[in-house]
Amino acid sequence: MQQPSYLNFDAPKYAWKSDIDYKKYPERYRVGKGEQGVLICEPYKSEIGKYWRFKTKSIAEESSQKIYSLFNEYLAAGDFVGADMARKYLQMGYTRARRYANYRGGRKYDAAHDHTLLERGTGNPEKADAAKVFYARWKAAEAKEVYAAMKKDWKHARG
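Being a predicted model, the structure only gives us computed values, none of them experimental.

K.L.:
Sorry if this is basic, but what is going on with the pattern of salt bridges here?
P.N.:
Once the charged atoms of two side chains with opposite charge are near each other, the side chains can pair. One pass over the structure, following the stated rule, counts 6 salt bridges. With a shortest N-O distance of 2.8 Å, Arg96 and Glu35 are connected by a salt bridge. You can see Arg96 sitting in helix H3 (residues 80–102) and its partner Glu35 sitting in the segment before helix H1 (44–49), a full 61 residues away along the chain. Judged by relative accessible area, which is 31%, Arg96 ranks as partly exposed. One salt bridge connects Arg137 with Glu61, and the closest N-O pair in it is separated by 4.0 Å.

This is the structure we're talking about:
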């Protein structure tokens, strides 16, 4: 049976720490996989997270545009960590909206019943439209050549 990965989470081995100011110590930042660290890395979590919303398509449009704008501001400032965090919020907008589109209440597992997988297709179809909005901006961010080069260099130098 598939279980959620958070059940066996090993916090000490997790690369991202909530007590690090990643703007002061960007060398401690790791790109990681997908959205890892997005809800931990300060001050970016506070700078970007307050704009992250996906309740409706129009809210997702406004939210993703603001986050994409921050992404571009970070790039222009040469702040790879900020740009990568903004990209992660765009990705997370897509994945979370899809989760709510697929599963009622956004819950994939039933904690009361040994974390069994809940029925797919019971979610809110309006969230699928919000997911499309975030997906387009996420892919636009990843397609920026300057971002791709910065990411490649960062991963090579730091991981």
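Okay, back to it.
K.L.:
Just checking my understanding: could you explain the environment of Ala76 for this structure?
P.N.:
Looking at where Ala76 falls in the secondary structure, it is placed in helix H2 (residues 57–76). Ala76 sits 12 residues away from Lys88 along the chain, and the two C-alpha atoms are 18 Å apart.

K.L.:
What is the right way to look at the nonpolar core in this model?
P.N.:
What tends to happen in soluble globular proteins is that the nonpolar side chains get buried as a cluster. Counting 36 residues, the largest nonpolar core has Tyr22, Tyr29, Ile48, Ile67, Phe71, Met85 and Tyr89 as the members making the most contacts within it. Elements with a minimum of two residues in this core: H1, H2, H3, helix H4 (126–143) and helix H5 (145–157). Filtering out sequence-adjacent residues up to four positions away, Tyr22 remains in contact with Ala15, Trp16, Lys17, Arg28, Tyr29, Cys41, Glu42, Pro43, Tyr44 and Val81.

K.L.:
Got a minute to help me understand H5 in this structure?
P.N.:
The periodicity of an α-helix, 3.6 residues per turn, causes residues three or four positions apart to be oriented the same way. Taking 1.5 Å of rise per residue, the 13 residues of H5 would be expected to cover 18 Å, and the 18 Å separating its terminal C-alpha atoms lies within 8% of that figure. Buried residues of H5: Tyr147, Met150, Lys151 and Trp154, and no others. The buried side chains of H5 occupy one side of the element, clustering within an arc of 100° when seen end-on. Facing away from the buried side of H5 by more than 90 degrees, the exposed set consists of Glu145, Lys152, Asp153 and His156. In this structure, the buried residues of H5 make contact with H2, H3 and H4. Phi for Gly159, located one or two positions after H5, is positive at around 100°.

K.L.:
Hey, could you run me through the packing of H2 against H4 in this one?
P.N.:
For any two helices packed against each other, the geometry is given by the interaxial angle and the distance between the axes. Interhelical geometry of H2 versus H4 gives an angle of 15° and a closest axis separation of 8 Å. Regarding the angle of H2 to H4, the classification is roughly parallel. Like other packed secondary-structure pairs, H2 and H4 cross with a definite hand, here right-handed. Where H2 approaches H4, its residues Lys57, Ala60, Glu61, Ser63, Ser64, Gln65, Ile67, Tyr68 and Phe71 are matched on the opposing element by Asp129, Ala130, Val133, Phe134, Arg137, Ala140 and Ala141. Of the residues belonging to the contact of H2 with H4, the class tally is 9 nonpolar, 3 polar and 4 charged.

Cut-offs applied
Residues numbered from 1 in each chain as written. Predicted model: local features only at pLDDT ≥ 70, side-chain atom pairs only at ≥ 80, totals over all residues. Heavy atoms only, no water. Salt bridge = Lys/Arg side-chain N within 4 Å of Asp/Glu carboxyl O. Helix = DSSP H or I, 4+ residues; strand = E, 2+ residues; numbered from the N terminus. Buried < 20%, exposed > 50% of the residue type's maximum accessible area, 1.4 Å probe, protein only. Core = buried A, V, L, I, M, F, W, Y, C linked by side-chain atoms within 4.5 Å. Contact = heavy atoms within 4.5 Å. Expected span 1.5 Å × (residues − 1). Arc of directions from axis to C-beta. Axes fitted to C-alpha atoms, helices over the stretch in contact; angles between N-to-C directions. Parallel < 35°, antiparallel > 145°, perpendicular 65-115°, else oblique. Left-handed = near helix turned anticlockwise from the far one by under 90°. Nonpolar A, V, L, I, M, F, W, Y, C, P; charged D, E, K, R; others polar.

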